[in-house]
Amino acid sequence: MTDITLNDGRIMPALGMGTYKVPDSQAAMVVRAGVDTGFRLVDTAAFYHNERGVGEGLRGSDAFVTTKLWNDRHEDAEVALDESLALLGRDSVDLYLIHWPSPTQGKFVSAWKTLVKLRESGKAKSIGVSNFLARHLERVIDATGVVPAVNQIELHPRFQQVELRSWMEESGIVAQSWSPLGQGDILSDSAIVAIARKHGRSPAQVVIAWHLALGLSVIPKAGSPDHLAENAAAAALVLDEEDMAAIAALDSEDGRIGPDPMSM
Ligand code: NAD
């Protein structure tokens, strides 16, 4: 599977597994199944309330683990990370993200300053953000001179984030796609189904291969061993120019599924 080099020189696997809404009681089993299937990156968050199970599922593996700072802890990031580490059962995470800019609170710059210190202390090996617009990224970079390694954003064929992606590429920030399968909705789209038939692959594999072909990191969530295996195998699928153009045409002005970052 492909690796991506972050702007701090560290290596992150491009393809990972999401765990949103995986209950704590099932997370160890699901994560262990993912690691056994070949996933080397696991995405969680304090907000998911499953870090204990995720940590248990990761025990004994050297998979890359990401967790996130929730919105009500922007002034308290150091303690919040310690709490996440205690639940995960480890001394550090590979990537720590500010989950949302929460601009109405206006505290994300000070949270970012704390994340910079947490990177210096080694508790967060790499640091980044999630759901940040260019204006939020500019503010944290201007305040600290430290460019987030990753911005994890909603990104799927119906919401392709072309402008933000190109801004981030120029700034050396890796885009990581959340809800990369459009929460499953995109999988019945006729264009995606036609490409899947052409390659003898599944629609989910086509969409994951599209993210990887764009140089994105991608964290689909799979609840079953079959889907995990299918998603891991997507890394081997190579799409052609015609496929890429057909998927590019699915972008839509109102394709957003999740919340608007300005409102969170
Ligand atoms: P997703 O786009 O990954 O879709 C998940 C859905 O697709 C599930 O219903 C699953 O059963 C189905 N699916 C998965 N593999 C399949 C396959 N091979 N065939 C058919 N169906 C398949 O949606 P998501 O869970 O919202 O997003 C993925 C991850 O992104 C989350 O688990 C979480 O880790 C992260 N996330 C982050 C944020 C954020 O604010 N940073 C927000 C939402 C999600």
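Structure: see above.
Conventions we followed
Residues numbered from 1 in each chain as written. Predicted model: local features only at pLDDT ≥ 70, side-chain atom pairs only at ≥ 80, totals over all residues. Heavy atoms only, no water. Helix = DSSP H or I, 4+ residues; strand = E, 2+ residues; numbered from the N terminus. Rg over C-alpha atoms; globule rule 2.2 N^0.38 Å. Buried < 20%, exposed > 50% of the residue type's maximum accessible area, 1.4 Å probe, protein only. Contact = heavy atoms within 4.5 Å. Areas by Shrake-Rupley, 256 points an atom, 1.4 Å probe, with all protein chains shown as cover. Lys, Arg positive; Asp, Glu negative; His and termini not counted. Charge placed at Lys NZ, Arg CZ, Asp CG, Glu CD. Near = heavy atom within 4 Å. Polar contact = N/O pair within 3.5 Å; in protein donor to acceptor, adjacent residues only side chain to side chain. Nonpolar A, V, L, I, M, F, W, Y, C, P; charged D, E, K, R; others polar. Axes fitted to C-alpha atoms, helices over the stretch in contact; angles between N-to-C directions. Parallel < 35°, antiparallel > 145°, perpendicular 65-115°, else oblique. Left-handed = near helix turned anticlockwise from the far one by under 90°. Salt bridge = Lys/Arg side-chain N within 4 Å of Asp/Glu carboxyl O. Core = buried A, V, L, I, M, F, W, Y, C linked by side-chain atoms within 4.5 Å. Pairing = 2+ DSSP bridges. Right-handed = clockwise from strand over helix to strand, strands pointing away.

Draft legend 1. Focus on the overall build of the protein chain. A count of helices and strands for the protein chain gives 10 helices and 10 strands. Its C-alpha radius of gyration of 18 Å places the protein chain within 12% of the 18 Å reference for a compact globule of 264 residues. C-alpha extents for the protein chain along the principal axes are approximately 50 × 40 × 30 Å. Per-residue burial for the protein chain yields a buried fraction of 53% across its 264 residues. Residue pairs at least 24 apart in sequence account for 71% of intrachain contacts in the protein chain once pairs closer than 6 positions are excluded. Summing over all exposed atoms, the protein chain offers an accessible surface of approximately 11,400 Å²; the carbon and sulfur share of this is 49%. Positive and negative side-chain charges in the protein chain, numbering 24 and 35 respectively, have mean positions lying 4 Å apart.

Draft legend 2. Main features of the site of the ligand. Taken together, the neighbourhood of the ligand is formed by 26 residues, with Asp43, Gln152, Ser179, Leu181 and Asn231 sitting nearest. Gln183 is positioned with one of its backbone polar atoms (N or O) 3.0 Å from an oxygen atom of the ligand. In the environment of the ligand, an oxygen atom lies 2.9 Å from a nitrogen or oxygen atom belonging to the backbone of Lys221. At three residues, the largest contribution of residues to the shell around the ligand is made by helix 9 (residues 225-233). Along the lines of polarity and charge, the residues of the shell around the ligand split into 10 nonpolar, 12 polar and four charged.

Draft legend 3. Seen up close, the packing of helix 8 (residues 203-213) against helix 9. Where helix 8 meets helix 9, the axes come as close as 8 Å, and the angle between the chain directions of the two elements is 40°. For the element pair helix 8 / helix 9, the angle class is oblique. Relative to helix 9, the crossing made by helix 8 is right-handed. In contact with Ala204, Gln205 and Ile208 of helix 8, helix 9 contributes Glu230, Asn231 and Ala233. Among the residues forming the contact of helix 8 with helix 9, the class breakdown is three nonpolar, two polar and one charged.

Draft legend 4. Examining the pattern of salt bridges more closely. Tallied over the entire structure, the rule returns 12 salt bridges. Here Glu83 ties to Arg73 by a salt bridge, and the two come within 2.9 Å at their closest N and O atoms. Of the two residues, Glu83 is situated in helix 3 (residues 77-88) and Arg73 in the loop between strand 5 (64-69) and helix 3; the sequence distance between them amounts to 10 residues. Owing to a relative accessible area of 39%, Glu83 belongs among the partly exposed residues under this scheme. Assessed through its relative accessible area of 18%, Arg73 is described here as buried. Salt-bridge contacts for Asp94 lead to Lys125; the nearest nitrogen and oxygen are separated by 3.9 Å.

Draft legend 5. A look at the nonpolar core. Formed by 80 residues in total, the largest nonpolar core has its most connected members in Tyr96, Trp112, Leu115 and Leu239. Not counting residues up to four positions away in its chain, the partners in contact with Tyr96 are Thr67, Lys68, Leu69, Ala77, Ala80, Leu81, Leu115, Leu118, Ala124, Ser126, Ile127 and Gly128.

Draft legend 6. Focus on the pairing of strand 6 (residues 93-98). Across the six residues that make up strand 6, a large majority, six, are buried. Inspection of the sheet shows strand 5 paired to strand 6 by four bridges, in the parallel sense. Looking at the pairing, Lys68 lines up with Leu97 of strand 6. In this fold, strand 5 hands off to helix 3, which returns the chain to strand 6; that crossover is right-handed. Chirality of the crossover, the property in question, places the unit of strand 6, helix 4 (residues 108-121) and strand 7 (residues 124-130) among those that are right-handed.

Draft legend 7. Main features of the side chain of Asn131. Turning to its location among the elements, Asn131 is positioned in the loop between strand 7 and helix 5 (134-144). Separated by 3.1 Å, the side chains of Asn131 and Ser130 make a polar contact. Excluding its chain neighbours within four sequence positions, the residues that come into contact with Asn131 are His99, Trp100, Pro101, Asn151, Gln152, Ile153, Glu154, Trp178 and Pro261.

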